[in-house]
Amino acid sequence: MGKTLFDKVWDAHVVDTIDNGPQILYIDKHLIHEVTSPQAFNELEQRNIPIFRPDQIVATADHNTPTINQHLPIKDELSRKQLEQLSANCKKNNITLYELGHKYNGIVHVMAPELGITQPGMTIVCGDSHTSTHGAFGTIAFGIGTSQVAQVFASQCLLLTKPKSLRVTVNGKLKNGVLPKDVILYIISKIGTNAGTGYFCEYAGDVFENMSMEGRMTVCNMSIEMGARGGMIAPDETTFEYVKGRKFAPKGEEFDQKVAYWKTLPTDDDAVFDKEYHFDAEDIEPMLTYGTNPGMGIKISEFIPETSDASFEKALDYMNFKKGETLIGKPINFVFIGSCTNSRIEDFRIAANYIKGKRKADNVTAWLVPGSKQVEAQIIEEGLKAIFDDAGFELRQPGCSACLAMNDDKIPQGEYCVSTSNRNFEGRQGQGARTILASPLMAAATAVEGKIIDITKQLN
Amino acid sequence: MEKFITLKATAIPLDIENVDTDQIIPARFLKATNRDGFGKNVFRDWRFQKDGSVNTNFVLNQPQFDGPILVAGDNFGCGSSREHAAWALTDYGFKVIVSSFFADIFKGNALNNGLLPVQVSPEFLKELMTTIAADPKTKITVDLEAQTIGIDGSNHSESFEIDAYKKTCMINGYDDIDYLLSKKETIEAFEKTLQAY
């Protein structure tokens, strides 16, 4: 029987297998940030264990950083201390850190791919559930808890039971105005938030083959929102072209050798998956969420379902929506374009292309938060900042920002935010804030109109 | 890590599905750099109103319910990988979480902190919820060695699954680092074979 892409990468990293137990999986790259690493550093220090492979760790500050005035000292004492501790820990242990203000600083899942740290066939972990993003390169990448961060510090390995395999295939041509974000929100709305639990997912079909790397990252990023530890897309010419020439990518002959290896990774024709789903690209429309988990999504032309159960009703009550109603026409006062899901250059190009020549509605506060310093520089270089400025949008500095509202970028109580981030959980963007997940195009259109519109009516 | 063998205690029914880790411990409380003290903020925005007053409708605030076992709805612990969720639950005093389904990362984090996730059938979960709601003094017995969970005063019980390795760790209070460090030579030998990529 043939092997899946996942099998090939996993099997190549198995150090040892415990009888009737987990396997020891070798980790190529370990990404860390300020929030989930300090307790792991402490643990190793208390137990007097050295960091095993510091040169395979890369650190960034992103979750807890301000998105304005980054050159000034951080006002919030706890946030400042957390960043200081990251700097001290990295310095003490010889770990590369792209701290606040560094030209490579950014959200961990934006920074690593754009620097060529992320490469096909690797195993990558980070104490962050959206580590699944890196699967876009044909990489086994997944989020871990802090105890596991400590394990990787100590041994560059993890004890894991091999997950089951799942494949989601989407074939056909996407309609005008349907973006990668809509594709993944559509998939999660169809299969639910726990369909992937216990599985590693592969996305296959011409929709993903025709997607840019930025689009593939958006899709793989949200694998965790259907419960899957990670999602992968087979590496191809689009992948190789993206990786080539990046700072930490292999160069010259070494690159060609790697490409030859990477070409052996795609799933064999006769490989069998434990679970498969098939969808038709033509069925997908711009998507919006109406509830408090990412599976509670509808197409723009659809109405909120008439489901009756306590959890569903609790969600609608929180969102102040009614069963059977449309979201079109709902007034919106906050728009957030950013997060590890949608803060890459392509996302800002899409937004700028729509916004050009228009103006933000007066009732809307619109935050644009680039995923990294490099994306920020590119926004300015390509003239997109001028478009955003003219239209009344606020381009802020890079970080996780209002996706999890750990810094000061919070949506006020009771307000709706059309957001390109990944989670619409209760209070995720601020206590009492109501999140509606959408694509950068839908977010830009909402900011211009001051309410939710059916974007397809403008495009067709 | 604290050892876990058996527990016979009362339980708290949290009859909500898809409890995500942002509810267990909201992001604004993740700024600490140690593992202690998260319990006071567990389920913060469900336990307290925005003005700081106690939400008496929330089960953790209802005095009739008490105990180190949390019985929760399907898909418990989804969302963010923050281990702070497991730390907050253990710091609050929970030793066992019962649900019909757990999210992967949370389950691993719980096991790494001596917090036992017990997955039961949806039917048994419903029975637990109803029984505890009707009589909050009902004792639940969780036996890790036998891998069973039972309701006292009835002969209803179920067996649950746990990875054999993780079970050994829980019973003996070992953690994965001890094991991985014992394999250092094997890991170093493996690294030398990694040239292909």
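Use the structure listed above.
A few points on the structure. All values reported here derive from a predicted model rather than from experimental measurement.

Within chain A, the secondary structure is distributed over 16 helices and 19 strands. In terms of overall dimensions, chain A has a C-alpha envelope of 55 × 55 × 50 Å along the principal axes. Within chain A, buried positions represent 67% of all 460 residues. Pairs at least 24 residues apart make up 75% of the contacts formed inside chain A by residues separated by at least 6 positions. As presented, chain A carries roughly 15,600 Å² of accessible surface, and 47% of it is formed by carbon and sulfur atoms.

If you look at the interface, chain A gives 69 residues, while chain B gives 55 residues. Between chain A and chain B lies a buried interface of about 5,100 Å² when both sides are counted; carbon and sulfur atoms form 56% of it. Our count for the chain A to chain B interface comes out at seven salt bridges. Between glutamate 191 of chain B and arginine 53 of chain A there is a salt bridge, and its shortest N-O distance comes to 2.6 Å. In this structure, the connection of chain A to chain B is made through 26 residue pairs in polar contact (both at pLDDT 80 or more).

Residues and elements named next belong to chain A. The strand order across the open sheet built from five strands is S17-S16-S15-S18-S19, with neighbouring strands paired in parallel fashion. Of all strands in the sheet, those with a lone pairing partner are strand S17 (394–395) and strand S19 (434–437), marking the two edges. Pairing analysis gives three bridges linking strand S15 (residues 334–337) to strand S18 (residues 416–419), with the strands arranged parallel. From the neighbouring strand, phenylalanine 336 faces S18, where its bridge partner is serine 419.

What follows is about the nonpolar core. Within the largest apolar cluster, 111 residues are counted, with the highest numbers of intra-cluster contacts made by Phe43, Phe76 and Leu89 of chain B. The contacts of phenylalanine 76 of chain B, once residues within four sequence positions are left out, are Leu14, Val19, Ile24, Phe43, Leu70, Leu89, Ile97, Ser99, Phe101, Phe102, Ala103 and Phe106 of chain B. Core analysis: the second largest hydrophobic core is formed by 79 residues, Phe137, Val178, Val183 and Val243 of chain A among them.

Pairing is possible between side chains that carry opposite charge, provided their charged atoms lie close to one another. Residues and elements named next belong to chain A. By the definition in use, this model includes 34 salt bridges over all chains. Across the pair lysine 81 and glutamate 77 runs a salt bridge, and its minimum N-O distance is 3.0 Å. Separated by four residues within a single helix, lysine 81 and glutamate 77 lie in helix H3 (residues 77–92), roughly one turn from each other. Looking at glutamate 77, the relative accessible area reads 45%, which means it is partly exposed. Its salt-bridge partner being aspartate 454, residue lysine 457 comes within 3.2 Å of it at the nearest N-O pair. A relative accessible area of 67% means that lysine 457 is categorised as exposed.

Moving on: unusual backbone geometry. Residue and element names in this part refer to chain A. Even without being a glycine, serine 339 presents a positive backbone phi close to 85°. Take serine 339: it is sitting in the loop between S15 and helix H12 (345–355). Residues other than glycine seldom take positive phi values, yet serine 401 does so here, at roughly 55°. Considering the arrangement of structural elements, one finds serine 401 in the loop between S17 and S18. On the accessibility criterion, serine 401 (0% relative accessible area) is buried.

Along the chain, aspartate 20 of chain B turns up in the loop between strand S2 (11–14) and helix H1 (21–24). The charged side chain of aspartate 20 of chain B is buried without a salt bridge, its nearest counter-charge being arginine 82 of chain B at 6.5 Å. Polar contacts involving the side chain of aspartate 20 of chain B include one to the main-chain amide nitrogen of aspartate 22 of chain B, which spans 3.0 Å. Residues contacting aspartate 20 of chain B, with those up to four places away along its chain left out, are Phe425 of chain A together with Cys78 of chain B.

So, how was this worked out
Residues numbered from 1 in each chain as written. Chains lettered and ligands numbered in written order. Predicted model: local features only at pLDDT ≥ 70, side-chain atom pairs only at ≥ 80, totals over all residues. Heavy atoms only, no water. Helix = DSSP H or I, 4+ residues; strand = E, 2+ residues; numbered from the N terminus. Buried < 20%, exposed > 50% of the residue type's maximum accessible area, 1.4 Å probe, protein only. Contact = heavy atoms within 4.5 Å. Areas by Shrake-Rupley, 256 points an atom, 1.4 Å probe, with all protein chains shown as cover. Buried area = accessible area lost by both parts, 1.4 Å probe. Salt bridge = Lys/Arg side-chain N within 4 Å of Asp/Glu carboxyl O. Polar contact = N/O pair within 3.5 Å; in protein donor to acceptor, adjacent residues only side chain to side chain. Pairing = 2+ DSSP bridges. Core = buried A, V, L, I, M, F, W, Y, C linked by side-chain atoms within 4.5 Å. Lys, Arg positive; Asp, Glu negative; His and termini not counted.

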